[in-house]
Amino acid sequence: MDLIRSSGPISRVELVNATGLTQPTISNIVRRLIDDGVVRETGDMVATRGKPRSMLVINSRAAYGVGIHVGADTLTCVVTDTRGGTVGRQLVAAAEGGTDVVARLAGLYHEVTQGLGLPPQSVAGMAVVGPGPVDVARGRFLALPGPQRPAGLDLAHALTGRLGVPVLVDSDAAAATVGEFWGRQVSRERTFGCLYMNSGIGSGVVLDGALHRGASSNAGKLGHMAVVRDGERCHCGNRGCLEQYAAPSVLVARARAIPGLADRLRIRAEDPDARAFDVLARAAIYGDEQAAALIDESAELLAEGAVLLANLWDIDTLVLAGPGFAVAGSIYVTEIRRRLVQRAFARDVHEVQVDLSSNPRDSAAIGGAALVLQGSVAPGHGPLVSARV
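Conventions we followed
- Residues numbered from 1 in each chain as written.
- Predicted model: local features only at pLDDT ≥ 70, side-chain atom pairs only at ≥ 80, totals over all residues.
- Heavy atoms only, no water.
- Axes fitted to C-alpha atoms, helices over the stretch in contact; angles between N-to-C directions.
- Helix = DSSP H or I, 4+ residues; strand = E, 2+ residues; numbered from the N terminus.
- Parallel < 35°, antiparallel > 145°, perpendicular 65-115°, else oblique.
- Left-handed = near helix turned anticlockwise from the far one by under 90°.
- Contact = heavy atoms within 4.5 Å.
- Nonpolar A, V, L, I, M, F, W, Y, C, P; charged D, E, K, R; others polar.
- Buried < 20%, exposed > 50% of the residue type's maximum accessible area, 1.4 Å probe, protein only.
- Pairing = 2+ DSSP bridges.
- Polar contact = N/O pair within 3.5 Å; in protein donor to acceptor, adjacent residues only side chain to side chain.
- Patch = residues over 30% accessible without salt bridge, like charges linked within 9 Å, V, L, I, M, F, W, Y side chains within 5 Å.
- Areas by Shrake-Rupley, 256 points an atom, 1.4 Å probe, with all protein chains shown as cover.
- Salt bridge = Lys/Arg side-chain N within 4 Å of Asp/Glu carboxyl O.

Caption draft 1: Examining the packing of helix α4 (residues 101–115) against helix α5 (residues 155–163) more closely. Between α4 and α5, the least distance of the axes is 10 Å, while the angle of their chain directions is 50°. Considered as vectors, α4 and α5 are oriented oblique to each other. In the packing of α4 onto α5, the handedness of the crossing is right-handed. Facing V101, V102, A103, L105, A106, Y109 and H110 of α4, the residues of α5 in contact are L155, A158, L159, R162 and L163. Taken together, the residues of the contact of α4 with α5 sort by class into 10 nonpolar, one polar and one charged.

Caption draft 2: Focus on unusual backbone geometry. Of note, S217 is a non-glycine position whose phi angle comes to about 65°, a positive value. As for its position among the elements, S217 is in the loop between β13 (210–211) and α7 (243–246). Its relative accessible area of 14% is what places S217 among the buried residues. Backbone geometry places D230, a non-glycine residue, at a positive phi of 55°. The residue D230 is located in the loop between β13 and α7 in this model. Overall, D230 belongs to the exposed group, its relative accessible area being 65%.

Caption draft 3: Summary view of the sheet that holds strand β15 (residues 353–356). Spatially, β13-β12-β11-β14-β15 is the arrangement adopted by the five strands of the open sheet, whose pairing is mixed. Where the open sheet ends on each side, the last strands, each with one partner, are β13 and β15. The pairing of strand β14 (residues 317–321) with β15 spans four bridges and is classified as parallel. Across the sheet, residue T317 finds its bridge partner in β15, namely Q353. The strands touched by helix α6 (residues 172–183) are β11 (192–197), β12 (201–207), β13 and β14; relative to β11, the strand with the most contacts, the crossing angle is about 135°.

Caption draft 4: Focus on the side chain of S54. Topologically, S54 is positioned in strand β3 (residues 53–58). A polar side-chain atom of S54 sits 2.9 Å from a polar atom in the side chain of R12. A polar contact is formed between the side chain of S54 and the side chain of E41, at a distance of 2.9 Å.

Caption draft 5: Representation of the sheet that holds strand β7 (residues 123–130) within the structure. Overall, mixed pairing links the five strands, which are arranged β6-β5-β4-β7-β10 in an open sheet. Lying at the two open borders of the sheet, with one neighbouring strand each, are β6 (86–93) and β10 (167–171). Averaged over all pairs of adjacent strands, the angle between their axes in this sheet comes to 20°, without regard to strand direction. With seven bridges joining them, strand β5 (residues 74–81) and β6 adopt antiparallel strand pairing. Residue pairing for β6: C77 is matched across the bridge by Q90.

Caption draft 6: Molecular detail of the environment of R233. Counting through the fold element by element, R233 comes out in the loop between β13 and α7. Separated by 144 residues in the primary sequence, R233 and V377 have C-alpha atoms spaced 43 Å apart. Not counting residues within four places of it along the chain, the set of residues in contact with R233 comprises N238, R239 and Q244.

Caption draft 7: Representation of a nonpolar patch on the surface. Among the surface-exposed residues, L308, L312 and W313 lie close enough to one another that they form a single nonpolar patch of about 270 Å² accessible area. As for its position among the elements, W313 is in helix α11 (residues 289–313). The partly exposed category is assigned to W313, whose relative accessible area is 30%.

Caption draft 8: Spatial organisation of the side chain of S122. Within the secondary structure layout, S122 lies in the loop between α4 and β7. Among the polar contacts listed, one links the side chain of S122 to the backbone oxygen of P119, at a separation of 2.7 Å. For S122, the contacting residues outside a window of four places in its chain are A63 and Y64.

Below, the structure written as structure tokens:
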């Protein structure tokens, strides 16, 4: 399945060559996948000296995944098809304090899937993603931004019982990494990395087609590497963490502290950090010197993190995802590319391809849906999800 996902259209003969399995074995596997509706023949034929070869692709309508990203002020729900294409999206305000979080998330799930007219049996499951740390095994967040703070709540268990579909809980950076890997049809032979920036800064790496998770599925917390010795104290307990100097909320606070800058850019006192950062980033793009100085400094620090990530894992592909890159992503991409060309350890052996997500704002929600689909239709490369196709 993963080979068909990343390489399709692909023929049975090419699958034999790629896997080392015998022709009869591949034929039997493909026949079962076609019977189950997970794979289909395109109708295209490739001429050869022998019998023309029919081509195989994943059936985009075989199953659908639902991802909900929990932000400080909003909930973003995205539905994707089996190939990672977005088929529905809804953005709603976050729940008020005291609101039943399970009921809120379940209601959003039903509203979106029913609005799209999806048969219940076609939905492979749902993933709820947000800032870490997360307890993936128990399906709960240890902390969430904003008013929705289900401390101690086994969220995945509660939602599974209410919805009747598998539910996963994971970090937004991990989800975005899988979503970009899945949606871009990246080969499992590549070492794929993702830098994610929203309220915090995280990262993820895909090795041999599977997300590297670490001992507790909390790997990749790049925002908590120290960039300033004995610097600002971070909520994680360390000092001088990258997030304390390069994250959007920090830049917004610095912009508000510069006399006249917030007023000139029309950043209001009541504006959420996410909106204020978009305004700041847009001003930097259009050449405001003070705004550009703040964004440039953040980009330089993120580039340091990118070099560290590339050197640790010897990655060959890096994607920038998350709302923090939605407006000024080009500035970050340019600086990271420049720094990797100069300082990546293996730069004389291979280059690191650096790209911006095609949908940075929704990348975590899209990735949540991809987590479900990867675990459902390509077992062994993602979390364990009961197949519903």
